Amino acid sequence: DVKVTQSSRYLVKRTGEKVFLECVQDMDHENMFWYRQDPGLGLRLIYFSYDVKMKEKGDIPEGYSVSREKKERFSLILESASTNQTSMYLCASSQRRGYEQYFGPGTRLTVT
Amino acid sequence: LAKTTQPISMDSYEGQEVNITCSHNNIATNDYITWYQQFPSQGPRFIIQGYKTKVTNEVASLFIPADRKSSTLSLPRVSLSDTAVYYCLVGRYNQGGKLIFGQGTELSVKP
């Protein structure tokens with residue numbers, strides 16, 4: 001069965017901390033994505049990766065970076081967390097762009 | 001970039017057919033249209049995908065007119081468990097395009 005896992009369901013961090021959100025997929029998918037979801041704004045794409053060590057900016061990359069050293073793992077990094085980064089973060093993967101995306105359960109991050 | 005527009009919310013009753021329309025006036029030639037369903041505290045789940053005309057699976061149908069500037073998700077005979085947010089996604093089939101989710105339509109099914 002298809003599976004995308006995220007390292008934490010809930011996370012509380014302080015302003016200025018460096019935050020790592022990890023995502024792992026077990027489907028050997030080429031593409032992986034990071035979204036954030038906020039009330040009234042729907043899902044917005046932060047970054048995506050179409051191969052190991054390859055990445056492209058999504059619609060709201062500011063304040064974030066990503067890392068993909070292995071095909072199955074895609075990390076989202078908040079270099080210096082700020083309160084406006086409090087959100088639900090969703091990771092997804094797909095075999096190819098435009099194909100069905102499989103989402104993880106999400107990480108609810110609170111920055112205080 | 002193909003931006004999408006959906007109604008913010010819709011109400012329905014059990015047993016009715018529900019049609020949710022998504023507008024995507026700037027859709028590109030190699031963009032696909034995909035719909036997802038999301039329940040609270042869960043990630044979105046794929047429902048259906050299409051390129052043109054009509055696609056049907058065990059849970060929904062997707063209607064796409066010839067100009068592809070809009071699409072309609074049709075849910076036959078909804079039940080209370082269909083209460084969720086439905087997202088329209090327009091994206092490139094091949095590498096290089098960006099993926100855009102609509103705002104989402106909050107469907108509420110009443111008994």
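Computed from a predicted structure; not experimentally measured.

Calculation notes
Residues numbered from 1 in each chain as written. Chains lettered and ligands numbered in written order. Predicted model: local features only at pLDDT ≥ 70, side-chain atom pairs only at ≥ 80, totals over all residues. Heavy atoms only, no water. Pairing = 2+ DSSP bridges. Helix = DSSP H or I, 4+ residues; strand = E, 2+ residues; numbered from the N terminus. Axes fitted to C-alpha atoms, helices over the stretch in contact; angles between N-to-C directions. Salt bridge = Lys/Arg side-chain N within 4 Å of Asp/Glu carboxyl O. Buried < 20%, exposed > 50% of the residue type's maximum accessible area, 1.4 Å probe, protein only.

Caption draft 1: Representation of the sheet that holds strand β1 (residues 4-6) of chain A in the model. All names here are of chain A. Spatial strand order, β1-β3-β8-β7: four strands in an open sheet with antiparallel pairing. In the strand order of this sheet, the two ends are held by β1 and β7 (65-70), each with one partner. Within this sheet the neighbouring strands show an average axis-to-axis angle of 20°, counted without direction. Two strands pair when backbone bridges link them, and β7 and strand β8 (residues 73-78) are joined in this way by four bridges, in the antiparallel orientation. Directly across from Ser67, in β8, lies its bridge partner Ser75.

Caption draft 2: Just the environment of Trp35 of chain B, in detail. Tracing the backbone shows Trp35 of chain B in strand β3 (residues 31-38). In the structure, Trp35 of chain B is positioned 36 residues away from Ser71 of chain B in sequence and 9.8 Å away in space, judged by C-alpha atoms.

Caption draft 3: Main features of the pattern of salt bridges. All told, the structure shown has seven salt bridges over all chains when counted by the stated rule. The shortest N-O distance in the salt bridge between Arg44 of chain A and Asp38 of chain A comes to 2.8 Å. The partner of Asp11 of chain B in a salt bridge is Lys110 of chain B, and the shortest N-O contact between them spans 3.8 Å. Pair noted here: Asp11 of chain B is in strand β1 (residues 9-13) and Lys110 of chain B is in strand β10 (residues 105-110), with a separation of 99 residues, a long-range link. We classify Asp11 of chain B as exposed; its relative accessible area is 57%. Taking the relative accessible area as the measure of exposure, Lys110 of chain B reaches 34% and is therefore partly exposed. Here the salt bridges share partners, and the residues they tie into one network are Arg36, Asp38 and Arg44 of chain A.

As far as function goes, none of this settles anything; it's purely spatial.
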